[in-house]
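Observations on chain architecture
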Amino acid sequence: IEQGLDILADVMQNSLFDHEELKKELEVILEEIKRSNDSPERVVGQNLFRAAFREHCYRRPIIGYEEIVKNFSRDQILAFYKRWYSPKNLTLVVVGDFSSQAIVSVIEKKFSDFSDISQPVTSQRKPESVQNEFRSIVAFDSIQETFVEMGWHIPSILHEDIFALDVLSVILGQGDSSQLNRIIKREKQMVNEIASYAYTPKDPGIFTIMASFHHEKAEPLLKEISSLVRDATNNPMSLSEI
């Protein structure tokens, strides 16, 4: 454990960001972005977030944009590192079979020279305005299936409704016994795949349903999904469903 902490402390305090190594890593990230753009599921998911979040940073793909990554410089990486990677922004968690008193002593020793480069900073995220109209993004590509992902705004993870929304996402679209899989996939055979999940981050998220299907089934499928969602909204779930 002491060796592990030594490596971690060195990474946190003394990273060199070697120019050649950084160049190689950026090439890896660019390749991941290309793979992501070749995945219909990811493209439709990113389009959903672009439509749902017009102001909040959740609209941006986590991996970043190709043009921005291409132009990263070592100086930019270092500036980011110095801005954010300071002791006052750091939490170290240790889990396992050890003496707490002994491990604290090791941690204090390993991080004793870690001085604050600047005052701790926090990210100020612009809140998303209330959505009052239907939004959609349609994209075309030469693929065999059609993919759809739809979403509804929900509160942040600290809201008391999140527990119910998590349960609802399981009942609606997670597992073979879920309503979407049971009714739409198996009984009506309208989709190849279908699922739902509640995206519940720190700020308000979205409840989503995604599906892949043959294009001529788009209109009846969307009506069927809407009907199930309305039913879930207006009628309490039975105990057997829960």
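These remarks concern the structure in this document. (Residues numbered from 1 in each chain as written. Predicted model: local features only at pLDDT ≥ 70, side-chain atom pairs only at ≥ 80, totals over all residues. Heavy atoms only, no water.)

This part takes up helix α6 (residues 100-110). Among the residues making up α6, those that are buried are I103, V106, I107 and K110. Along the long axis of α6, the arc covered by the buried residues comes to 100 degrees, so they all point the same way. Opposite its buried face, α6 presents the exposed residues Q101, E108 and K109, each directed more than 90 degrees away. In the core, the buried residues of α6 are packed alongside α1 (2-14). (Buried < 20%, exposed > 50% of the residue type's maximum accessible area, 1.4 Å probe, protein only. Helix = DSSP H or I, 4+ residues; strand = E, 2+ residues; numbered from the N terminus. Arc of directions from axis to C-beta. Contact = heavy atoms within 4.5 Å.)

Through backbone hydrogen bonds, the strands of a sheet pair up, either in parallel or in antiparallel fashion. One open sheet holds the three strands; their spatial order is β1-β3-β2, and the pairing between them is antiparallel. What marks the edges here is a single partner per strand, and that holds for β1 (146-153) and β2 (193-199). Shown here is a sheet whose adjacent strand axes are inclined to one another by a mean of 15 degrees, direction ignored. Across seven bridges, the pairing between β2 and strand β3 (residues 206-213) is antiparallel. (Pairing = 2+ DSSP bridges. Axes fitted to C-alpha atoms, helices over the stretch in contact; angles between N-to-C directions.)

Here a ring pair, both rings aromatic, is described through the centre-centre distance and the interplanar angle of the planes. Scanning the model with the defined rule gives eight aromatic pairs in all. Seen in terms of ring centroids, F53 and Y58 are 5.6 Å apart; in terms of plane orientation they differ by 85 degrees. Their pairing is edge-to-face. Here the aromatic rings of Y58 and Y199 are separated by 5.9 Å at their centres, their planes lie at 80 degrees, and the arrangement is edge-to-face. On the criterion of sequence distance, the pair formed by Y58 in the loop between α3 (40-52) and α4 (66-70) and Y199 in strand β2 is long-range, its members being 141 residues apart. For Y58, a relative accessible area of 11% puts it in the buried group. Taking the relative accessible area as the measure of exposure, Y199 reaches 26% and is therefore partly exposed. Through pairs of rings, three or more aromatic residues link up here, namely F49, F53, Y58 and Y199. (Phe/Tyr/Trp six-rings, centres within 6.5 Å; stacked < 30°, edge-to-face > 60°.)

Going through the model one piece at a time under the given rule, you end up with 12 salt bridges. One salt bridge connects K110 with E2, and the closest N-O pair in it is separated by 3.8 Å. Of this pair, K110 sits in helix α6 while E2 sits in helix α1; the two residues are 108 residues apart in sequence, bridging distant segments of the chain. Overlapping salt bridges, with partners in common, bring together E2, D6 and K110 in one network. (Salt bridge = Lys/Arg side-chain N within 4 Å of Asp/Glu carboxyl O.)

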